[in-house]
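# Structure at a glance
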Amino acid sequence: TLNWETVGSVIHPDDRDMLKDTMRAAVRSSVPAECEFRVVLPGEQTRWMTARAHATYDDEGSPAQLSGLVADVTARKTAEHQIELQRRELAHLTRVSVVGELSGAIAHELNQPLTAILANAQASQRMLRKDTPNLPEIGSALDDIVQAGSRASEVISRVRKLLKKGESRY
């Protein structure tokens with residue numbers, strides 16, 4: 001016959017209270033209790049177990065015995081852990097891929113107005129170096145610079161809105 005002292009000595013310290021509570025619940029109720037817990041074997045090897053227990057009662061309705069099954073589920077828990085790690089890695093790779101694609105699109109969207117700004121600024125500089133600068137033409141180039149700057153600002157604003165709406169909760 002196993003007693004709590006024998007069983008409890010191999011139960012992982014973090015799982016002892018939960019296992020005791022589950023066994024107490026099985027004794028208080030006619031419903032079988034189930035739980036998963038870890039045991040620490042010699043050599044510090046940890047194994048995962050699942051237990052299902054139910055109480056039997058004597059003629060007066062008092063708990064007489066607690067019976068049940070214990071099964072080693074370490075392989076399943078290890079597989080679940082590996083699946084979770086792979087899920088997290090896939091989520092990370094997906095986020096990195098999306099950021100890569102998004103950064104390429106942002107670079108393209110910003111490159112057009114920045115190129116226009118640079119070209120118009122350089123043209124304005126050349127026009128100003130002339131003996132008789134064409135002020136309406138320079139004014140037009142400056143208007144184009146302002147318009148391209150606004151387009152670049154709009155791109156940045158749209159990206160910020162996108163990131164706020166699509167903020168990840170990982």
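Above this note sits the structure.
Residues numbered from 1 in each chain as written. Predicted model: local features only at pLDDT ≥ 70, side-chain atom pairs only at ≥ 80, totals over all residues. Heavy atoms only, no water.

## Some details on the overall build of the protein
Secondary structure summary: the protein contains 4 helices and 3 strands in total. Secondary structure elements in the protein, listed N-terminal to C-terminal, are α-α-β-β-β-α-α. Taking 15 Å as the expected radius of gyration for a compact globule of 170 residues, we find that the protein reaches 35 Å, considerably beyond that expectation. Taken over the C-alpha atoms alone, the protein extends approximately 115 × 40 × 20 Å along its principal axes. (Helix = DSSP H or I, 4+ residues; strand = E, 2+ residues; numbered from the N terminus. Rg over C-alpha atoms; globule rule 2.2 N^0.38 Å.)

## Notes on helix α2 (residues 16–28)
End to end, α2 covers 18 Å across 13 residues, agreeing with the expected 18 Å (1.5 Å per residue, within 8%). Turning to α2, its buried residues number three or more, namely Leu19, Thr22, Met23 and Ala26. Along the axis of α2, the buried positions cluster into a sector of 95°, meaning they face one direction only. Of the residues in α2, the exposed ones pointing more than 90 degrees away from the buried face are Asp17 and Arg28. (Expected span 1.5 Å × (residues − 1). Buried < 20%, exposed > 50% of the residue type's maximum accessible area, 1.4 Å probe, protein only. Arc of directions from axis to C-beta.)

## Some details on the sheet that holds strand β3 (residues 63–72)
The strand order β1-β2-β3 describes an open sheet built from 3 strands, whose pairing is antiparallel. Strands at the two margins of the open sheet, each flanked by one partner only, are β1 (33–41) and β3. Here the strands of the sheet are splayed against their neighbours by 35° on average, with no regard to which way each runs. Pairing of β1 with strand β2 (residues 45–57) involves 9 bridges; the strand directions are antiparallel. Paired with alanine 33 across the strands is alanine 53, a residue of β2. (Pairing = 2+ DSSP bridges. Axes fitted to C-alpha atoms, helices over the stretch in contact; angles between N-to-C directions.)

## A look at the nonpolar core
By size, the foremost hydrophobic cluster in this structure holds 11 residues: Ile11, Leu19, Met23, Ala26, Ala33, Cys35, Phe37, Val39, Met49, Ala51 and Ala53. Residue assignment for this core shows that the elements contributing at least two residues are α2, β1 and β2. By residue number, the principal contributor to this core is β1, which donates 4 residues. Setting aside chain neighbours within four positions, we find methionine 49 in contact with Cys35, Glu36, Phe37, Val39, Val70, Ala71, Asp72 and Val73. (Core = buried A, V, L, I, M, F, W, Y, C linked by side-chain atoms within 4.5 Å. Contact = heavy atoms within 4.5 Å.)

## Considerations on unusual backbone geometry
Located in the positive-phi region is glutamate 44, a residue other than glycine, with phi close to 65°. Examined against the element boundaries, glutamate 44 turns out to sit in the loop between β1 and β2. With relative accessibility at 66%, the residue glutamate 44 sits in the exposed group.

## So, helix α3 (residues 74–129)
An α-helical segment advances 3.6 residues per turn. Residues three or four places apart therefore align on the same side. An ideal rise of 1.5 Å per residue puts 82 Å on 56 residues; α3 measures up with 80 Å between its terminal C-alpha atoms. The largest bend along α3 reaches roughly 25° and is located at asparagine 111, with the proline proline 113 sitting one to four residues downstream. Those residues of α3 that fall on the buried side of the exposure criterion are Thr74, Lys77, Ala91, Leu110, Pro113, Asn120, Ala123, Ser124 and Met127. (Bend = angle between axes of the 7 residues up to and from the residue.)

## A closer look at the pattern of salt bridges
With the rule as written, the count across this model stands at 10 salt bridges. Measuring nitrogen to oxygen at the nearest pair gives 2.5 Å for the salt bridge that ties arginine 52 to glutamate 34. A residue pair is termed long-range when its members are at least 10 positions apart, and arginine 52 in strand β2 and glutamate 34 in strand β1 qualify at 18 residues. Glutamate 84 is the partner of arginine 88 in a salt bridge, and the nearest nitrogen-oxygen pair spans 3.0 Å. Taken together, the positions of arginine 88 and glutamate 84, both in helix α3 and 4 residues apart, correspond to about one turn of that helix. On the basis of relative accessible area, arginine 88 is assigned to the exposed category, the value being 51%. Bridged by salt links that share partners, the residues Glu36, Arg76, Lys77 and Glu80 form one connected network. (Salt bridge = Lys/Arg side-chain N within 4 Å of Asp/Glu carboxyl O.)

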